[in-house]
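# Structural description and commentary
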Amino acid sequence: MNVKLNNQCAQHNEQAIYLERGRIVNQRILYCQKCVGKNEYPHNLLLIKEAEAFICKNEQIILGERKITNQKNLELLLKLKEQLFQFQSQLSQSIEQIIQDINKQIQVIITADKILEQNTREALQRFIYENCDIDKIFEELIDYKSIKKTIACSLMPIQILSFEEQQQQFLKEIQVQSNTNSLEQIKDFFFQEKEKLLIRNQRCQIHELQLDIVNIDQKNQYRLGCMKCEFDSIIQKHNIEDLKGLWNSFQRHTEKYIGFHQKANSSLLLLKQHKIALNLLINQLNQLTEPNEDKMDQIQKKTQYVMQKDWSEMTTDDVLSIAKVVNDKNTQLILDDTIQAEIEANQIQIRLFCQNQIQITDQMKYYYQLTTFQNATQTQSALTQIDSNQKTLIDAKILISGNRYELINSFKDSECKAIAFSSDSAIMIAGYCNGVINVYEFKLGFLKLIQQLKEHRNMITCLNFMKKSMSFISGSKDMSIIIWLKDKSNWHVQQKLVAHSDWVVCMIINNTGNLIISGSDDKSIKFWAKSSQWNHSQTLIYHSGRLRSLSLNQSQNQLISCAAQDDRIFVSQCENNNTWVLVQVIQQVGYRICFLNNQSFSVQPMKSQEMQVYELNQKNQQFQLSKQIQVKSGNGCDWLFPKQFINSKQLLINKNGQHVNIIRLRDNGDMITEQSIDFETYFLYGAATDDGEFLVTWNAKSQEIQIRKYRE
């Protein structure tokens with residue numbers, strides 16, 4: 001469709017040659033040759049031919065950008081349609097499975113009901129003659145707790161099979177034809193003088209040129225001038241365009257300053273309110289404790305002996321003594337339940353509140369010490385630090401409510417001993433007891449089986465992806481290591497490495513993908529270097545027990561290792577000739593071990609409720625114990641499921657006993673356990689994606705692959 005536009009000036013009705021850059025919205029003022037001399041701002045006129053040429057030059061670019069947008073949006077909608085079809089199928093399968101599970105539980109109750117009378121009679125007879133736990137007997141007749149739990153587990157897929165988040169993501173990615181860069185350039189081309197006029201309406205009185213420069217002399221006087229103006233004793237000049245940028249920056253900093261100042265005043269007001277409340281609470285506590293102090297001493301003297309006894313162990317004298325104490329009004333304590341409840345409910349909040357206000361006050365002191373806006377870099381750094389600390393205070397609250405991994409998907413599966421992800425999280429591999437490796441497509445917490453690999457002859461114990469490719473390695477109870485190479489859409493064996501004389505139990509790959517380090521039940525650590533193929537290059541035999549865990553530092557030049565039945569951790573270092581040598585022996589029991597960075601690593605002893613952190617002493621270049629972190633454990637622990645540090649989130653995934661502890665490394669070096677997931681069994685294996693967004697596990701209690709997503 002060709003659009004016919006008016007290209008004549010309104011005043012003389014002649015062919016327009018110039019146009020005025022957008023001073024009136026939705027209207028373009030056109031000028032012919034006669035109009036130009038009368039225009040108040042001739043510098044704001046644009047030749048129509050130049051405008052047409054510029055538009056012609058950018059037309060194909062804009063057309064291409066629009067076509068790309070349309071294609072992307074079309075692809076997104078098709079993907080959304082495919083996801084909804086999958087959701088429909090999964091939902092149908094889940095409902096069918098739930099109905100089957102409910103039918104099974106119905107049959108359990110019907111079967112039990114048929115012999116209920118006989119079982120009840122037998123239970124009561126046993127209670128008469130055996131003095132057994134009758135509650136437990138009746139619970140065993142029909143285990144309704146188990147039925148309820150089974151049905152709840154069956155219903156869980158319905159709750160988690162929600163595509164709302166995925167749909168919202170699709171909708172976010174759909175582009176709504178917002179202005180592209182090319183279109184913005186066109187707008188700038190037609191409107192760029194509009195802003196300049198705000199500062200260029202004034203002209204130099206001497207040279208009749210536009211005012212462009214702010215001059216500052218030695219007396220700190222400010223004068224405006226044009227490019228030809230020359231002033232005496234000038235020490236500094238500012239281009240007006242640059243000054244405008246500085247002014248915008250000044251305004252942003254001022255707004256932040258005012259905002260933070262308001263926060264500080266708000267905190268001060270809140271502190272004053274809490275001061276009044278705390279003083280009231282102190283008075284109440286004094287009134288509560290003072291009349292009871294003498295009575296407490298009397299009661300402790302009279303009752304200390306009998307309080308340590310169980311009632312069944314009391315003698316007649318003890319009973320008489322208790323009766324006297326109970327009936328003696330002089331020994332009755334005054335206890336205000338309201339005050340007690342208030343104290344207990346607010347202790348944690350008061351503590352956290354006080355800590356937060358102290359941190360804010362410290363930041364305010366530092367901030368006010370800065371000279372206001374004299375050093376923009378220093379000021380911006382201070383504001384950034386304050387924002388960071390405000391976030392830290394928010395994080396402290398989150399530790400109560402909980403950043404955490406939440407279960408979003410699960411399915412029954414045979415015993416899976418090892419899990420690993422590709423660096424882009426698109427592929428997940430799982431190794432099983434029978435030696436099979438399943439290759440899954442992993443998308444938004446859902447798995448699609450794309451290949452089964454059956455080269456190993458025994459249980460898979462460890463899996464690792466290469467960082468820079470889709471190749472991965474597998475270790476097995478059959479004592480071999482296999483390098484798997486992707487060819488088009490499938491993986492096949494590239495090379496098999498056989499040198500260990502017992503199980504391969506742990507493996508790591510360096511970041512460049514040319515070095516594999518493996519640990520085995522044969523108590524050795526082996527190094528495999530890649531040239532045209534993989535070759536065994538070195539063996540270290542330091543440990544007196546079976547290897548359990550290995551880890552490389554960020555620089556990839558130091559290795560730490562630990563073993564079962566061995567109370568030593570070994571630190572090895574790579575020399576210039578690529579030979580690894582022992583540089584430190586640490587007397588510490590370890591079961592899982594992991595570098596956090598070049599300066600520190602963590603150690604988890606078996607079944608211990610503490611995790612140790614070692615830091616590098618810069619003077620002697622030796623690692624020393626720096627802190628111990630409280631973690632949850634259990635009665636036993638299987639050695640598989642290696643520690644994993646998520647650098648982007650500063651999270652440590654630490655399996656310990658029947659728990660997976662999620663530990664955050666904070667900027668100040670502190671480590672806090674954000675979450676402990678109890679799987680009720682230490683036969684527990686898994687891994688997180690490299691970005692920490694998903695945690696996938698298998699455990700013997702549920703016999704399920706469970707997928708959790710990190711929620712912040």
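Note on numbering: residues in each chain are counted from 1, in written sequence order. Whole-chain, interface and lining totals are the exception, using all residues; otherwise, since this is a predicted model, local features are given only for residues with pLDDT of at least 70 and side-chain atom pairs are given and counted only at 80 or more. As a convention, hydrogens and water are excluded, and side-chain values are obtained from all of the structure's heavy atoms.

By the naming in an unreviewed UniProt entry, the chain goes by WD domain, G-beta repeat protein and is assigned to Paramecium octaurelia.

Within the chain one finds 11 helices and 34 strands. Considering the chain as a whole, with its 712 residues, one finds that 40% of them fall into the buried category. Only heavy atoms matter for contacts: two residues are in contact if any of them lie within 4.5 Å across the pair. Once local pairs closer than 6 in sequence are excluded, the contacts in the chain between residues at least 24 apart make up 48%. By the criteria applied, helices consist of DSSP H or I runs no shorter than four residues and strands consist of E runs no shorter than two, each listed in order from the N terminus. Burial here depends on accessible area, computed with a 1.4 Å probe over protein chains only, as a share of the maximum for the residue type. Under 20% is buried, over 50% is exposed, and the range in between is partly exposed.

The salt bridge definition used is simple: a Lys or Arg side-chain nitrogen within 4 Å of an Asp or Glu carboxyl oxygen. Counted by the stated rule, this structure contains 11 salt bridges. The partner of E455 in a salt bridge is K496, with the nearest N and O atoms 3.9 Å apart. Placement of the pair is E455 in the loop between β11 (446–453) and β12 (460–465) and K496 in strand β15 (residues 490–498), with a sequence separation of 41 residues. The exposure class assigned to K496 is partly exposed, which follows from its relative accessible area of 38%. In this structure, E693 and K709 form a salt bridge, with 3.2 Å as the shortest nitrogen-oxygen distance.

Turning next to the packing of aromatic side chains. Note on aromatic pairs: the rings of Phe, Tyr and Trp (six-membered ring only in Trp) are paired at centre separations within 6.5 Å, and the planes decide the class, stacked below 30 degrees, edge-to-face beyond 60, tilted for the rest. By the definition in use, this model includes 15 aromatic pairs. On the numbers, 5.4 Å between centres and 50° between planes, the contact of F465 with F472 is tilted. Arranged with centres 6.0 Å apart and planes meeting at 20°, the rings of F472 and W484 form a pair that is stacked. Placement of the pair is F472 in strand β13 (residues 472–476) and W484 in strand β14 (residues 480–487), with a sequence separation of 12 residues. Like F472, the residue W484 is buried in the burial classification. The criterion is that NZ of a Lys, or CZ of an Arg, lies within 6 Å of the ring centre and within 35 degrees of the ring normal, and then a charge sits over that ring. In this structure, R548 is placed above the aromatic ring of W639, and the distance from its NZ or CZ to the ring centre is 4.3 Å. When the ring centre of F694 is taken as reference, the NZ or CZ atom of K709 above it lies at 5.4 Å.

Moving on: a nonpolar patch on the surface. Candidate patch residues must exceed 30% relative accessible area and have no salt bridge, after which like charges are joined if within 9 Å and Val, Leu, Ile, Met, Phe, Trp or Tyr side chains if within 5 Å. For the area figures, the Shrake-Rupley method with a 1.4 Å probe applies, and any residue is considered shielded solely by the protein chains shown. On the surface, a cluster of nonpolar side chains totalling about 220 Å² of accessible area is made up of I102, I106 and I110. Secondary-structure assignment places I102 in helix α2 (residues 48–114). Assessed through its relative accessible area of 32%, I102 is described here as partly exposed.

Another point: the environment of S602. Mapped onto the elements, S602 comes out in strand β25 (residues 600–604). In this structure S602 comes out as buried when scored by relative accessible area, which is 0%. In the structure, S602 is positioned 12 residues away from G590 in sequence and 9.5 Å away in space, judged by C-alpha atoms. In this structure S602 touches R592, I593, C594, L596, M611, Q612, V613, K643 and L652, once residues within four positions along its chain are discounted.

With that settled, the discussion passes to the nonpolar core. Buried residues of nine kinds, namely Ala, Val, Leu, Ile, Met, Phe, Trp, Tyr and Cys, make up a nonpolar core once their side-chain atoms join them within 4.5 Å. Ranked by size, the top nonpolar core spans 35 residues in total, and within it I419, I517 and L559 carry the most contacts. When residues no more than four places from it in sequence are discounted, the contact partners of L559 are I508, I517, I525, F527, L550, S551, L552, F570, V571, S572, W580 and F595. Counting 14 residues, the second largest nonpolar core, distinct from the first, contains I429, V439, L453 and I482.

Before going further, it helps to spend a moment on the UniProt feature "repeat: WD" (unreviewed entry) in the chain. UniProt positions are given in the numbering used here, feature names are shortened, and annotations may be inferred rather than shown by experiment. In the numbering adopted here, UniProt assigns the feature "repeat: WD" (unreviewed entry) to residues 453–484 and 497–528. As annotated, residues 453–484 has a helix share of 0% and a strand share of 53%, and its two end C-alpha atoms lie 10 Å apart. Each end of residues 497–528 is marked by a C-alpha atom, and these two atoms are 9 Å apart; helix forms 0% of the span and strand 56%.

Our next topic: α2. One less than the residue count of a helix, multiplied by 1.5 Å, gives the span that helix is expected to have. Over its 67 residues, α2 runs 96 Å from end to end, which matches the ideal 99 Å to within 8%, given 1.5 Å per residue. To get the bend at any residue, fit one axis to the seven residues that end at it and another to the seven that begin at it, then take the angle between the two axes. Taking the largest bend as the criterion, α2 deviates by roughly 35°, centred on N58.

All right, on to the sheet that holds β14 then. For two strands to count as paired, DSSP must find a minimum of two bridges between them. Here 4 strands make up an open sheet; going across it, the order is β12-β13-β14-β15 and the pairing antiparallel. If you trace the sheet from one side to the other, it starts and ends with β12 and β15, each paired once. Strand-to-strand twist of the sheet, defined as the mean angle between neighbouring strand axes without regard to direction, takes the value 25°. Bridge count for β12 against β13 is 5 bridges, and the pairing is antiparallel. Bridging across to β13, F465 finds its partner in F472. Axes here mean lines fitted to C-alpha atoms, for a helix over just the part in contact, with angles spanning 0 to 180 degrees between N-to-C directions.

For the rest of this paragraph, the subject is unusual backbone geometry. Its identity as a non-glycine residue notwithstanding, N13 has a phi of 60°, on the positive side. Here N13 is to be found in the segment before β1 (18–20). With relative accessibility at 54%, the residue N13 sits in the exposed group. Residues other than glycine seldom take positive phi values, yet K488 does so here, at roughly 60°. For K488, the location among the structural elements is in the loop between β14 and β15. What makes K488 exposed here is its relative accessible area of 78%.

A few words on the pairing of strand β4 (residues 213–217). Looking along a regular strand, one sees the side chains alternate between the two faces of the sheet. Across the 5 residues that make up β4, a large majority, 5, are buried. Residues I213, N215 and D217 line one face of β4 and the alternating positions V214 and I216 line the opposite face, and both faces are buried. For β4 and strand β5 (residues 222–225), the ladder comprises 4 bridges, and the chain directions are antiparallel. Each bridged residue has a counterpart across the sheet, and for V214 the counterpart in β5 is L224.

Mapped onto the fold, K417 is located in strand β8 (residues 416–421). For K417, a relative accessible area of 8% gives the class buried. For K417, the side chain forms a polar contact with the side chain of E415, separated by 2.9 Å. When sequence neighbours within four positions are dropped, the list of residues in contact with K417 reads G431, Y432, C433, M459, I460, T461, D638, L640 and Y685. As used in this structure description, the phrase polar contact means that two N or O atoms lie within 3.5 Å; if the pair is within protein, one of them must be able to donate a hydrogen and the other to accept it, and residues adjacent in sequence are counted only when both atoms belong to side chains.

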